[in-house]
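# Structure at a glance
Here is what each chain is made of, one letter per residue.
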Amino acid sequence: MQKIQLTSSYEEYNSLNELPAEYKSLMLEAHDAAKTAYAPYSVFHVGAAVLLANGKIIKGSNQENAAYPSGLCAERVAVFASSVQYPGVKIKAIAVTAMPGNMEVPVMASPCGACRQVMVEYEHLYHQDIKFIMYGSVNKIIVLDSIKALLPFSFNSDQLSGK
Ligand code: THU
């Protein structure tokens, strides 16, 4: 028997202004996207912004439904839209923010398991890590080097083909 340790690290910034400029503007786009959330049931507004290798930014927000499970999270709306609008273009980074109720203050927006699985698909597809930027708490911003760090042992296409 061998015990294997999984380790991952992340960067923590104390303000938006401390972030590298590219990530700060991506987070501002995510913040903007949160305003488009259709979230009458949870009243939890989430915004996501995807930065593509061609410099384009695609935004998404959570879209809820009276049949609750039919709604979709902001991350998946943004990632799927970017894949439709720019097929084959790598994803460089994804920023996410959430605002509960009418509060203007962003809170932690840690992605759900299904969104982690969807995002990791594109890392695997393009053999390129995707930077992930999210609020850890008020005024704390977390930057991860890859989605894999959020989802160790993720399922991927290699497993489907028995690799
Ligand atoms: N939600 C997201 O959009 N992204 C996440 O990472 C977590 C949750 C949405 C789904 C639902 O509309 C609302 O937040 C409450 O769960």
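In case you missed it, the structure is sitting above this.
Before going into details, it helps to say that this report is about the structure given with it.

Reading guide: rules and limits
Residues numbered from 1 in each chain as written. Predicted model: local features only at pLDDT ≥ 70, side-chain atom pairs only at ≥ 80, totals over all residues. Heavy atoms only, no water. Patch = residues over 30% accessible without salt bridge, like charges linked within 9 Å, V, L, I, M, F, W, Y side chains within 5 Å. Areas by Shrake-Rupley, 256 points an atom, 1.4 Å probe, with all protein chains shown as cover. Salt bridge = Lys/Arg side-chain N within 4 Å of Asp/Glu carboxyl O. Helix = DSSP H or I, 4+ residues; strand = E, 2+ residues; numbered from the N terminus. Buried < 20%, exposed > 50% of the residue type's maximum accessible area, 1.4 Å probe, protein only. Near = heavy atom within 4 Å. Polar contact = N/O pair within 3.5 Å; in protein donor to acceptor, adjacent residues only side chain to side chain. Contact = heavy atoms within 4.5 Å. Core = buried A, V, L, I, M, F, W, Y, C linked by side-chain atoms within 4.5 Å. Pairing = 2+ DSSP bridges. Axes fitted to C-alpha atoms, helices over the stretch in contact; angles between N-to-C directions. Parallel < 35°, antiparallel > 145°, perpendicular 65-115°, else oblique. Left-handed = near helix turned anticlockwise from the far one by under 90°. Nonpolar A, V, L, I, M, F, W, Y, C, P; charged D, E, K, R; others polar.

A surface patch of nonpolar side chains, about 360 Å² in accessible area, is lined by Tyr38, Tyr41 and Tyr68. Position of Tyr68 relative to the elements: it lies in the loop between strand 3 (57–61) and helix 2 (74–85).

Even without a glycine there, the phi angle at Val43 is positive, about 50 degrees. Inspection of the secondary structure assignment puts Val43 in the loop between helix 1 (21–34) and strand 2 (44–52). Val43 gets classed as partly exposed once you look at its relative accessible area, which sits at 38%. Despite not being glycine, His127 has its phi angle at roughly 50 degrees, a positive value. For His127, the position within the fold is in the loop between helix 3 (113–126) and strand 5 (131–137).

Turning to the site of the ligand, a few remarks are in order. Neighbouring residues of the ligand: Ser42, Phe44, Val46, Asn62, Glu64, Cys73, Ala74, Glu75, Ser110, Pro111 and Cys112. A distance of 2.9 Å separates an oxygen atom of the ligand from a polar atom in the side chain of Asn62. At a separation of 2.6 Å, an oxygen atom of the ligand approaches a polar side-chain atom of Glu75. Taken by itself the ligand offers 380 Å² of open surface, and the protein chains cover 74% of this.

Mapped onto the elements of the fold, Lys90 is located in the loop between helix 2 and strand 4 (91–100). Separated by 39 residues in the primary sequence, Lys90 and Leu51 place their C-alpha atoms 8.9 Å from one another. In this structure, Lys90 is in contact with Leu52, Ala53, Tyr126 and Gln128, ignoring residues within four places of it in sequence.

Val79, Ile91, Ile94 and Phe132 are the most contacted members of the largest nonpolar core, which has 27 residues in total. Here the element with the most residues in this core is helix 3; it accounts for six residues. Leave out the neighbours within four places in its chain, and Val79 touches Val50, Ile91, Ile94, Val118, Met119 and Tyr122. With 15 residues, the next largest nonpolar core counts Tyr13, Ala49, Ala93 and Tyr135 among its residues.

Taking strand neighbours across the sheet as the criterion, the six strands line up as 1-6-5-4-2-3 in an open arrangement whose pairing is mixed. Of all the strands in the sheet, the pair left with one neighbour each is strand 1 (10–13) and strand 3. Taking each pair of neighbouring strands and ignoring which way they run, the sheet shows an average axis angle of 20 degrees. As paired elements, strand 5 and strand 6 (residues 140–144) share five bridges and run antiparallel to each other. Bridged to Tyr135 within strand 6 is Ile141.

Relative orientation of the contacting elements helix 2 and helix 3 amounts to 25 degrees, with a least axis distance of 9 Å. With respect to each other, helix 2 and helix 3 are oriented roughly parallel. Helix 3 is crossed by helix 2, and the crossing has left-handed handedness. Along its contact with helix 2, which presents Glu75, Arg76, Val79, Phe80 and Ser83, the element helix 3 presents Ala114, Cys115, Val118, Met119 and Tyr122. Here the residues of the contact of helix 2 with helix 3 sort into seven nonpolar, one polar and two charged.

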